[in-house]
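# What the coordinates show
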Amino acid sequence: MLSDFYKCATSTQLDLICTQLINLSTRAFNANNGNIPKWEQAIEQIKTQNTGSLDFITPYLNISAHHINNLTLEKSLKQLMPWRKGPYQIGNLQLNSEWRGDMKWHRLIPHIKPLKDKVVLDVGSGNGYFTYLMAISGAEIALGIEPFLLFNYQFQAIRTLINNPPNAFVLPLLLEEMPKRPLFDTVFSMGVLYHQKNHRLHLKQLKDVMKPDGELILETFIIDLEKVEKIIPKGRYSKMRNVYCLPSVNTLHTWLEDAEFKNIKLLDITKTTSKEQRTTHWIGNNTQSLKDFLDPNNSDLTIEGLPAPRRAIFICQK
Ligand SMILES: C[S@@+](CC[C@H](N)C(=O)[O-])C[C@H]1O[C@@H](n2cnc3c(N)ncnc32)[C@H](O)[C@@H]1O
């Protein structure tokens with residue numbers, strides 16, 4: 001996969017940083033992680049299946065492979081659980097991930113600059129569901145960066161099943177590790193800002209990698225309470241340990257202004273429902289999902305008594 005990334009990236013502006021990205025990724029893949037043999041074995045088994053072409057047939061990223069052995073493929077893919085992002089369909093095997101990623105995609109895609117021929121960065125890409133969508137929307141290259149190794153292996157598992165994969169790649173990198181070079185036309189940061197202790201630094205790092213006039217699509221939790229600027233969760237939020245800040249829409253707008261982004265527009269606010277985030281048999285033993293994270297008597301509150309998850313999408317330019 002790294003050699004395919006090299007081949008593709010060297011024919012784009014990412015040529016300037018691609019050796020550096022490959023060196024960092026090689027180091028990350030060599031991490032001492034006891035699950036790697038199991039994940040690699042799963043990929044080896046997946047390689048024995050037929051490949052097919054990739055399309056978006058909503059809600060699925062669909063691989064039209066014939067004569068797939070569903071039982072064997074399902075067993076291999078389940079070695080890579082939990083599948084949070086998706087959904088995918090391979091032949092007639094439906095991989096119904098916890099999240100219906102298509103719902104977020106449809107909210108934003110009509111409003112952003114066309115991705116055709118663009119150099120695109122998907123920060124915190126998970127297994128690359130959106131990165132694939134960016135590539136099949138015509139990006140010259142769509143690079144996902146995702147520090148969690150399992151999601152990199154999930155990306156590779158899906159890629160193994162695609163005949164002639166599009167120019168989408170996921171590398172095990174943090175935004176903090178990206179060279180500060182303004183090379184990307186469009187940058188997505190979706191579901192990442194609230195995981196950052198320092199929101200200012202995250203916005204600056206996004207800006208550092210964007211071309212002049214490049215576009216940022218920022219999606220994050222917000223709160224909608226009168227006269228409350230932000231909430232800093234003291235413990236967990238929606239059972240998540242690492243949620244550092246829930247701004248109001250106005251506060252988030254101010255953060256983007258302070259970071260000197262231009263043409264800041266709010267595209268959408270959506271309260272997360274169990275249509276979009278649900279328990280499926282692809283998420284493993286810990287089968288908790290949205291319904292377990294909310295107050296059983298009041299779906300406007302989380303189990304911790306904070307406002308239930310609501311996400312905003314902003315777009316702005318550098
Ligand atoms: C909630 S998921 C969102 C996935 C996907 N972007 C989406 O919108 O569904 C956030 C992802 O960001 C990754 N992440 C967190 N901090 C990051 C950072 N500093 N750089 C890159 N990725 C990061 C996490 O590992 C996680 O997979």
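Residues numbered from 1 in each chain as written. Predicted model: local features only at pLDDT ≥ 70, side-chain atom pairs only at ≥ 80, totals over all residues. Heavy atoms only, no water.

Worth spelling out the cut-off: UniProt positions are given in the numbering used here, feature names are shortened, and annotations may be inferred rather than shown by experiment.
By the naming in an unreviewed UniProt entry, the chain is tRNA U34 carboxymethyltransferase, taken from Candidatus Ruthia endofausta. For the chain, the Catalytic activity (unreviewed entry) comment in UniProt is given as "carboxy-S-adenosyl-L-methionine + 5-hydroxyuridine(34) in tRNA = 5-carboxymethoxyuridine(34) in tRNA + S-adenosyl-L-homocysteine + H(+)". Reading the Sequence similarities (unreviewed entry) entry of the UniProt record for the chain gives the comment "Belongs to the class I-like SAM-binding methyltransferase superfamily. CmoB family."

## Here's the deal with the packing of aromatic side chains
Defined as follows: Paired rings are identified among Phe, Tyr and Trp, the last through its six-membered ring, by centres lying within 6.5 Å, and are further divided according to the angle between planes into stacked (under 30 degrees), edge-to-face (over 60) and tilted (the rest). Think of it this way: any DSSP run of H or I at least four residues long counts as a helix, any run of E at least two long counts as a strand, and we number them from the N terminus. Burial classes follow relative accessibility: with a 1.4 Å probe on protein chains only, a residue under 20% of its type's maximum area counts as buried, one over 50% as exposed, and anything between as partly exposed. Whether a charge sits over a ring depends on NZ of Lys or CZ of Arg being within 6 Å of the ring centre and within 35 degrees of the ring normal.
For the structure on display, the rule yields 12 aromatic pairs. Centroid distance Phe29 to Tyr153: 6.0 Å. Interplanar angle 80°. Geometry classified as edge-to-face. Within this pair, whereas Phe29 is found in helix 2 (residues 18–29), its partner Tyr153 is found in helix 7 (residues 149–160), the two being separated by 124 residues in sequence. One exposure class covers both Phe29 and Tyr153, and it is buried. A ring pair is formed by Tyr129 and Phe130, whose centres lie 5.4 Å apart and whose planes are at 80°; its orientation type is edge-to-face. There is no split in this pair, since Tyr129 and Phe130 are both buried. Grouping aromatic residues by their ring pairs yields a cluster made of Trp83, Tyr88, Trp105, Tyr129, Phe130 and Phe188. Sitting over the ring of Trp282, Lys78 keeps its end group 4.9 Å from the ring centre.

## Regarding empty space enclosed by the protein
Rule in force here: Two kinds of site are reported from a 1 Å grid over the protein atoms alone, namely cavities, where a 1.4 Å probe fits but cannot get out, and pockets, open sets with protein on both sides within 12 Å along at least five of seven lines, and residues are called lining when an atom falls within 4 Å of a point. Grid points are joined across faces, edges and corners, and a volume is the space filled by probe spheres set on the points. Note on residue categories: nonpolar means Ala, Val, Leu, Ile, Met, Phe, Trp, Tyr, Cys or Pro, charged means Asp, Glu, Lys or Arg, and polar means any other residue, Gly included.
In total, this model carries three cavities of 30 Å³ or more according to the counting rule given. Looking at the largest cavity, its volume works out to about 40 Å³. If you trace the largest cavity, you find it lined by Trp99, Arg107, Glu219, Asp268, Thr270, Thr272, Glu276, Arg311 and Ile313. For the lining of the largest cavity, the elements supplying multiple residues, two or more each, are strand 12 (262–271) and strand 15 (310–317). Broken down by class, the residue content of the lining of the largest cavity amounts to two nonpolar, two polar and five charged.

## Notes on the UniProt feature "binding site: carboxy-S-adenosyl-L-methionine" (unreviewed entry) in the chain
Short version of the rule: By the convention used here, residues are in contact when the closest approach between their heavy atoms is within 4.5 Å.
According to UniProt, the feature "binding site: carboxy-S-adenosyl-L-methionine" (unreviewed entry) maps to Lys85, Trp99, Lys104, Gly124, Leu175, Glu176, Met190, Tyr194 and Arg311 in the numbering used here. Spanning 227 residues, the named residues do not form one spatial group; their C-alpha atoms are separated by as much as 26.1 Å. From this annotated list, the subset lining the largest cavity comprises Trp99 and Arg311. Structurally, Trp99 is set in the loop between strand 4 (93–95) and helix 5 (101–108). Not counting residues up to four positions away in its chain, the partners in contact with Trp99 are Arg84, Lys85, Gly86, Pro87, Thr272, Glu276, Gln277, Arg278 and Arg311. Considering the arrangement of structural elements, one finds Met190 in strand 8 (residues 184–190). Those residues in contact with Met190 that lie beyond four places of it in its chain are Lys104, Leu108, Val123, Gly124, Phe130, Met134, Ile217 and Glu219.

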